[in-house]
Amino acid sequence: MGNQIGNLSCLSRKTAKLNFKIYTCGFTKWSALPFFEYLKQNNITSLIDIRRFPNSQLAGFTKQNNFRYFLKELSNCAYYHFENLAPNTEDFKQYRKKEITWEVFASRYNKKISSENSKNEIENLMFIAKNENIMLLCSEEHHEFCHRNLLAAHLKKIENNLKIWHVNSSRVAKESR
């Protein structure tokens, strides 16, 4: 389906926030009700899906075909899918099978998101983040060894006043330093 960049034009009339934050979350171990309540309670207005396969059978309530509707109806939250910010399929498979280390995976992913191919989506993501309260979504439960943490760190290098909050399935948010 791709991202809904056409919707970004309505954001251009807003004043960008000077200090802003990005939440990150892996949907594993979340059930639907607490997830959507968390979005509402924290006024998260845009969810950025950075999964390679948002329609996987393992996606549960976050399966893209239904997720866009659930987000809008239950949390008044927009949905964007930025596939270029997902890890390469082969790198991800190799890391999961322990054929490459975290360091190798991280190095390859950082190179990917720093490339010209990802530039447009990085710019669009930063534009949304400056105008909306956003959450980056993937599937990994813990952020420490997940591409969403690498992406958040990359964004922090671009925008120093960005605050990163990693949320777990217990609804505990931890600020990244």
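Our subject is the structure that appears above.
Here the structure is a predicted model, which is why all the values come from computation and not from measurement. (Residues numbered from 1 in each chain as written. Predicted model: local features only at pLDDT ≥ 70, side-chain atom pairs only at ≥ 80, totals over all residues. Heavy atoms only, no water.)

A. Representation of the pairing of strand β4 (residues 134-138). Within β4, 5 of the 5 residues are buried, which leaves the element mostly enclosed by the surrounding structure. Along β4, one buried face is formed by Ile134, Leu136 and Cys138 and the opposite face, lined by Met135 and Leu137, is buried too. Sheet analysis places strand β1 (residues 20-26) next to β4, joined by 5 bridges and oriented parallel. Its bridge partner being in β4, Ile22 is matched across the sheet by Ile134. Relative to β4, strand β2 (residues 46-49) runs parallel, the two being bridged by 4 bridges. By the bridge assignment, Ser46 is partnered in β4 with Ile134. (Buried < 20%, exposed > 50% of the residue type's maximum accessible area, 1.4 Å probe, protein only. Helix = DSSP H or I, 4+ residues; strand = E, 2+ residues; numbered from the N terminus. Pairing = 2+ DSSP bridges.)

B. Geometry of the layout of surface pockets. Size it by volume and the largest pocket reaches roughly 540 Å³. In terms of lining residues, the largest pocket is bounded by 22 residues, among which Arg51, Phe92, Arg96, Ser139 and Glu140 are the most central. For the lining of the largest pocket, the element with the most residues is helix α3 (residues 89-96), which contributes 4 residues. In the lining of the largest pocket, the residues fall into 9 nonpolar, 7 polar and 6 charged. (1 Å grid on protein atoms, 1.4 Å probe; cavity = no way out; pocket = protein on both sides within 12 Å on 5 of 7 lines; lining within 4 Å. Points joined across faces, edges and corners; volume = space filled by probe spheres on them. Nonpolar A, V, L, I, M, F, W, Y, C, P; charged D, E, K, R; others polar.)

C. Geometry of the packing of helix α4 (residues 102-113) against helix α6 (residues 147-158). Interaxial distance between α4 and α6 falls to 10 Å at its minimum, and their mutual angle equals 50°. Compared by their axis directions, α4 and α6 come out oblique. In this structure, α4 crosses over α6, and the sense of that crossing is right-handed. Of α6, the residues touching α4 (which contributes Trp102, Phe105, Ala106, Tyr109, Asn110 and Ile113) are His147, Leu150, Leu151 and His154. Classifying every residue of the contact of α4 with α6 gives 7 nonpolar, 3 polar and no charged. (Axes fitted to C-alpha atoms, helices over the stretch in contact; angles between N-to-C directions. Parallel < 35°, antiparallel > 145°, perpendicular 65-115°, else oblique. Left-handed = near helix turned anticlockwise from the far one by under 90°. Contact = heavy atoms within 4.5 Å.)

D. Inspection of the nonpolar core at higher detail. Ranked by size, the top nonpolar core spans 28 residues in total, and within it Ile22, Ile48, Leu85, Leu125, Leu151 and Leu155 carry the most contacts. Going through the elements one at a time, β1, α4, α5 (116-131), β4, α6 and β5 (162-167) are the ones with two or more residues in this core. Those residues in contact with Leu151 that lie beyond four places of it in its chain are Ile50, Leu85, Tyr109, Ile113, Ile122, Leu125 and Leu136. In terms of nonpolar packing, the next biggest core, distinct from the first, is built from 18 residues, Tyr23, Ile44, Leu47 and Tyr79 among them. (Core = buried A, V, L, I, M, F, W, Y, C linked by side-chain atoms within 4.5 Å.)

E. Just the pattern of salt bridges, in detail. Scanning the model with the defined rule gives 5 salt bridges in all. The closest approach of N and O atoms between Arg96 and Glu140, which form a salt bridge, is 2.8 Å. Of this pair, Arg96 sits in helix α3 while Glu140 sits in the loop between β4 and α6, and the two are 44 residues apart along the sequence. (Salt bridge = Lys/Arg side-chain N within 4 Å of Asp/Glu carboxyl O.)

F. Fine view of the side chain of His81. Topologically, His81 is positioned in strand β3 (residues 78-81). What makes His81 buried here is its relative accessible area of 3%.

G. Structural detail: the packing of aromatic side chains. Across all of its chains, the model carries 18 aromatic pairs by this definition. Geometrically, the ring pair formed by Trp102 and Phe145 is edge-to-face, given 5.3 Å between the ring centres and 85° between the ring planes. Taken together, the residues span a long stretch of sequence, with Trp102 in helix α4 and Phe145 in the loop between β4 and α6 at a distance of 43 residues. By relative accessible area, Trp102 is classed as buried at 13%. (Phe/Tyr/Trp six-rings, centres within 6.5 Å; stacked < 30°, edge-to-face > 60°.)

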